[in-house]
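Examining the three-dimensional arrangement
Residue-level listing of the chains:
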Amino acid sequence: MKKLCNGYRVSCKEREHMAEKKTAVSVASSGAASTALVPNAWSSAVTLPPLGNLDAYISAVNRMPMLTPEQELEDGRKLAQHNDLDAAGRLVMSHLRLVVSVSRQYLGYGLSHGDLIQEGNIGLMKAVRRFDPEKGVRLVSYAIHWIKAEIHEYILKNWRMVKMATTKAQRKLFFNLRSKKQEFRAAAGADGEGDEALLQRDTLTEQEIDIIAKDLNVKREEVIEMETRMTGGDVVLDPAPADDGEQTYGPIAYLSDARHEPTAIIEAQQRDELATDGVAAALETLDARSRRIVEERWLRVNDDGSGGMTLHELAAEYGVSAERIRQIEVATMKKMKTALLEYA
């Protein structure tokens, strides 16, 4: 909650509507506008009939009469002191053109103009509800902060699938970083510095980062982080297969850690148990000669091939042929395999 002007406070998260006020003020929504009615507002009823498109709505609100300072003060007092709904309607209707004007400043974010106007109108109604005419401030000066706050909150929630800015510094950077980049490119073009590639460059230089951090009173790291967020895009974590049936590659393929999968953990535990206790139990089922042959041929061999004994060396020790040692080895391995299967 921050002070904006003469004691008023703005909360972007507050989503209250003036539903309790029976003034029917329905505004543009996604390319279509609906009805806005203030009964007996001025000399006769002022009505915005159902309109077919956004341009017609904008044209209609621009034709709405403006209130003089004296009329605005009178209606503000009626609303504050007597909860006059007609006065609230006149204050809202006379400032709808302000919402249209402010919303045009945010068309570059790729969101519907009608949605921006709708959110701005919510901010306008909140401002009217809290407007205190005795503060000596015109409604337009007070309402513009509420309108912008509501539009800012809508953009931050809908510009990307993941919310871009949460802190005060991040919000400030989000709404100023692109304009700062455009200023740098315009200055470079006006000075005749650099080639076309430099003018088309989208990243900030170290000097530009320092300038932005100083102008906006934020840290260099925050400028770099926000630029990275804004230049990146949304990525589907686990994309669906392509239309041709081929498996698509997404971050889930390299972000997942199979080491902590329950099945992988159980398999690793069973493998380690078989390699230690299982092999030891299988060796216990062998006679002394068969066990020595397996140990010398398999268990005492190093990774580099050193250690252990060859078939001929074992044959010389036991006084048999190398082929006989090989046959004993094969028979022993089959017996151990059976023992390991029973152990598992």
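See the structure printed just above.
The text that follows walks through the structure, step by step, so that each part is easy to find. (Residues numbered from 1 in each chain as written. Predicted model: local features only at pLDDT ≥ 70, side-chain atom pairs only at ≥ 80, totals over all residues. Heavy atoms only, no water.)

Okay, the overall build of the protein chain next. In terms of regular secondary structure, the protein chain is built from 16 helices and five strands. For the protein chain, buried positions account for 36% of its 344 residues. In the protein chain, the share of contacts with a sequence separation of at least 24, taken over all contacts with a separation of at least 6, comes to 59%. Taken as a whole, the protein chain presents about 20400 Å² of accessible surface, with 52% of it coming from carbon and sulfur. (Helix = DSSP H or I, 4+ residues; strand = E, 2+ residues; numbered from the N terminus. Buried < 20%, exposed > 50% of the residue type's maximum accessible area, 1.4 Å probe, protein only. Contact = heavy atoms within 4.5 Å. Areas by Shrake-Rupley, 256 points an atom, 1.4 Å probe, with all protein chains shown as cover.)

Let us now look at the packing of helix α10 (residues 206-216) against helix α11 (residues 220-231). In contact at an axis separation of 9 Å, α10 and α11 are set at 110° when each is read in the N-to-C sense. When the axis of α10 is compared with that of α11, the two are roughly perpendicular. In this structure, α10 meets α11 at a crossing whose hand is right-handed. Contacts between α10 and α11 involve E206, I209, D210, I212 and A213 from the first element and R220, V223 and I224 from the second. Here the residues of the contact of α10 with α11 are counted per class, giving five nonpolar, no polar and three charged. (Axes fitted to C-alpha atoms, helices over the stretch in contact; angles between N-to-C directions. Parallel < 35°, antiparallel > 145°, perpendicular 65-115°, else oblique. Left-handed = near helix turned anticlockwise from the far one by under 90°. Nonpolar A, V, L, I, M, F, W, Y, C, P; charged D, E, K, R; others polar.)

Once that is clear, we can look at the nonpolar core. The biggest cluster of nonpolar side chains holds 53 residues, and the ones touching the most others in it are I155, F174 and V223. Each residue touching I155, except ones within four places of it in the same chain, is listed here: Y106, Y109, L111, L116, F174 and F175. (Core = buried A, V, L, I, M, F, W, Y, C linked by side-chain atoms within 4.5 Å.)

A few words on the packing of aromatic side chains. Within this structure, the stated rule accounts for eight aromatic pairs. Ring centres of Y106 and F175 lie 6.3 Å apart, and the angle between their planes is 90°; on these two criteria the pair is classed as edge-to-face. In this pair, Y106 sits in the loop between α4 (96-103) and α5 (113-130) while F175 sits in the loop between α7 (168-174) and α8 (177-191), placing the two residues 69 residues apart along the sequence. Each of the two residues, Y106 as well as F175, counts as buried. Sitting above the plane of the Y109 ring, R178 keeps its charged end 4.4 Å from the centroid. (Phe/Tyr/Trp six-rings, centres within 6.5 Å; stacked < 30°, edge-to-face > 60°. Lys NZ or Arg CZ within 6 Å of the ring centre and 35° of its normal.)

A surface patch of nonpolar side chains, amounting to about 580 Å² of accessible area, comprises L237, Y249, I252, Y254 and L255. As for its placement among the helices and strands, L255 is situated in helix α12 (residues 252-255). For L255, a relative accessible area of 54% translates into the label exposed. (Patch = residues over 30% accessible without salt bridge, like charges linked within 9 Å, V, L, I, M, F, W, Y side chains within 5 Å. Salt bridge = Lys/Arg side-chain N within 4 Å of Asp/Glu carboxyl O.)

We now examine the environment of G110. Tracing the chain through its elements places G110 in the loop between α4 and α5. On the accessibility criterion, G110 (67% relative accessible area) is exposed.

One way to put it is that helix α1 (residues 54-62) packs onto α4 with a least axis distance of 8 Å and a crossing angle of 130°. Taken together, the axes of α1 and α4 are oblique relative to one another. In the crossing of α1 with α4, the sense of the turn from one axis to the other is left-handed. Here α1 contributes Y57, I58, V61 and N62 to the contact with α4, which in turn contributes L96, R97 and V100.

One pass over the full model with this rule turns up 20 salt bridges. Here R229 and E225 are joined by a salt bridge, their closest N and O atoms 2.7 Å apart. With a gap of four residues between them, R229 and E225 both fall in helix α11, about one helical turn apart. Classification of E225 by relative accessible area gives partly exposed; the value is 37%. Residues E295 and R291 are paired through a salt bridge, measuring 3.1 Å at the closest nitrogen-oxygen approach. With a gap of four residues between them, E295 and R291 both fall in helix α14 (residues 288-299), about one helical turn apart. When salt bridges with common partners are traced through the structure, they connect E284, R291, R292, E295, E296, R300 and E317 into a single cluster.

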